[in-house]
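This is what each chain is made of:
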Amino acid sequence: MTTEQVRRGTDARLRLVVLAGVVLLAVLGAGGYVLHVRTSQPQPGPKVPAAASRDRLTSVAEGPHVVFRSTAQGEGYGQVALVPLSAPDGPRTFTPASCDRVYAAAGQTICLTARRGLVTTYQAKLLDAEWAPRRELPLTGVPSRARLARDGTLVATTSFVSGDSYANPGQFSTRTVVSRMDGATVGDIEKFALVVKGRTVAAADKNMWGVTFVDDDLFYATAASGNVRWLVKGSLATRRLTALREDVECPSLSPDGTRIAFKKHGDLPPGQWRLAVLEIATGRETLLSETRSVDDQPEWLDDNHVLYGLPRSGTDGAAATSDVWSVPADGSGSPSVLIHDAWSPAVVR
């Protein structure tokens, strides 16, 4: 082999080494780029519950189900959704309606909304079978509570006329109106006579909220004046409210009509409440095993369990992420999530 051949062989080997080095650098560079892309991409957020197709809406509504406001982030946030009672935390079926507070019974649905803009407007609407508005009812302030009679003939709405919280006594005013399904107003219960220990309370700061119906005449509600709250029993026929017990807010009558679930303040710090159940016949009160503060009107899952909404830590349950919880009504057991990413539940059988 000549000197020239040796030189040419050496040059070829050098070119191969250089080429291999370039290829290796390119591969490593590409790998580094892929790694950078993978690590710089946004990480997946909390899993949003799967949404069933809307063609299931009728079939879900025909059986026992729960109606609620979906608070799962993303598409469908704020919309009314349904889940079968047999699988409450399973796929949800979305309706076309969006509400801040919703309640349903006997084929009727009430939807309260606040439309925020340069001028905020408030609406209370009865929805038809297609979940579209069919009739508007009076609502003069921030949506707070909504209830229907079990037979769907009466509806009660509560709004804050001034202020947006009743954590501080004396700094809010409510308006609670009972209406029929044809839109006719039965009565503004703020104007009903309030009788406490045989005396009529005529104070200017009198407020009423949290209606729960017994029948087409009788109902329970919260009445307040000054720093005192009462459980009251009202009559639409006599336009009279009679105080039964102090420290009761947002009552909810059990399906069998024998007990009332409610929130109470007791000796807790301002703005804190504890869930309890009252036996109407005996006056026996039972604190439930949920020890966190619950600022909601409870709903009964059945005769043995109470439902309520709880915001996630650091959020406002009516405007952000929240869950619907269940707890035994006899004070035993412990609370558990019934529906993730939900608010304002109504059990329909």
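Cut-offs used in this document
- Residues numbered from 1 in each chain as written.
- Predicted model: local features only at pLDDT ≥ 70, side-chain atom pairs only at ≥ 80, totals over all residues.
- Heavy atoms only, no water.
- Helix = DSSP H or I, 4+ residues; strand = E, 2+ residues; numbered from the N terminus.
- Contact = heavy atoms within 4.5 Å.
- Areas by Shrake-Rupley, 256 points an atom, 1.4 Å probe, with all protein chains shown as cover.
- Core = buried A, V, L, I, M, F, W, Y, C linked by side-chain atoms within 4.5 Å.
- Buried < 20%, exposed > 50% of the residue type's maximum accessible area, 1.4 Å probe, protein only.
- Polar contact = N/O pair within 3.5 Å; in protein donor to acceptor, adjacent residues only side chain to side chain.
- 1 Å grid on protein atoms, 1.4 Å probe; cavity = no way out; pocket = protein on both sides within 12 Å on 5 of 7 lines; lining within 4 Å.
- Points joined across faces, edges and corners; volume = space filled by probe spheres on them.
- Nonpolar A, V, L, I, M, F, W, Y, C, P; charged D, E, K, R; others polar.
- Pairing = 2+ DSSP bridges.

(A) Focus on the overall build of the protein. If you tally the helices and strands in the protein, you get 2 helices and 27 strands. Once local pairs closer than 6 in sequence are excluded, the contacts in the protein between residues at least 24 apart make up 45%. In the form shown here, the protein has an accessible surface area of approximately 17200 Å², with 55% of it arising from carbon and sulfur atoms.

(B) The nonpolar core, seen in detail. Core analysis: the largest hydrophobic core is formed by 26 residues, its most contacted members being V67, V80, I110, W131 and L148. Secondary structure elements with two or more residues in this core: α2 (57-62), β3 (79-84), β5 (101-105), β6 (108-115), β7 (121-127), β9 (142-148) and β27 (342-348). Looking at which element gives the most residues to this core, the answer is β5, with 4 residues. Look past the residues within four positions of V67 in its chain and what remains in contact with it is V80, A81, L82, V102, A104, W131, S344, P345, A346 and V348.

(C) Quick peek at the side chain of S289. Within the fold, S289 resides in the loop between β22 (285-287) and β23 (299-302). Given a relative accessible area of 19%, S289 falls into the buried group. A polar contact of 3.4 Å, which involves the side chain of S289, links it to the backbone oxygen of S332. Once residues within four sequence positions are removed from consideration, S289 is found in contact with V327, G331, S332, G333, S334 and P335.

(D) Examining the layout of surface pockets more closely. Each pocket or cavity is described by its volume, and for the second largest pocket that value is around 380 Å³. Lining the second largest pocket we find 18 residues, and of these Y103, R150, P255, E299 and V347 sit closest to its centre. If you list the elements that add at least two residues to the lining of the second largest pocket, you get β5, β9, β15 (207-213), β19 (249-253), β23 and β27. Along the lines of polarity and charge, the residues of the lining of the second largest pocket split into 12 nonpolar, 2 polar and 4 charged.

(E) Representation of unusual backbone geometry. In this structure, W131 takes a positive phi of about 65° despite not being glycine. The residue W131 is located in the loop between β7 and β8 (133-137) in this model. Taking the relative accessible area as the measure of exposure, W131 reaches 10% and is therefore buried. The phi torsion at C250 lies on the positive side, around 55°, for a residue other than glycine.

(F) Quick peek at the environment of R135. With respect to the element layout, R135 can be found in strand β8. Judged by relative accessible area, R135 falls into the partly exposed class, the value being 30%. Once residues lying within four places of it in the same chain are set aside, the contact partners of R135 are A124, K125, L126, M181, D182 and G183. A distance of 3.2 Å separates the side chain of R135 from the backbone oxygen of D182, its partner in a polar contact.

(G) Representation of the pairing of strand β18 (residues 240-246) in the model. Direction of pairing for strand β13 (residues 193-196) relative to β18: parallel, over a ladder of 3 bridges. Pairing of V195 across the sheet is with T242, part of β18. One ladder, built from 6 bridges, connects strand β17 (residues 228-235) with β18; its direction is antiparallel. Among the inter-strand pairings, W230 is bridged to a residue of β18, identified as E246. A loop of 4 residues connects β17 with β18, the two strands running antiparallel in sequence, and R239 in this loop sits at a positive phi of about 55°.

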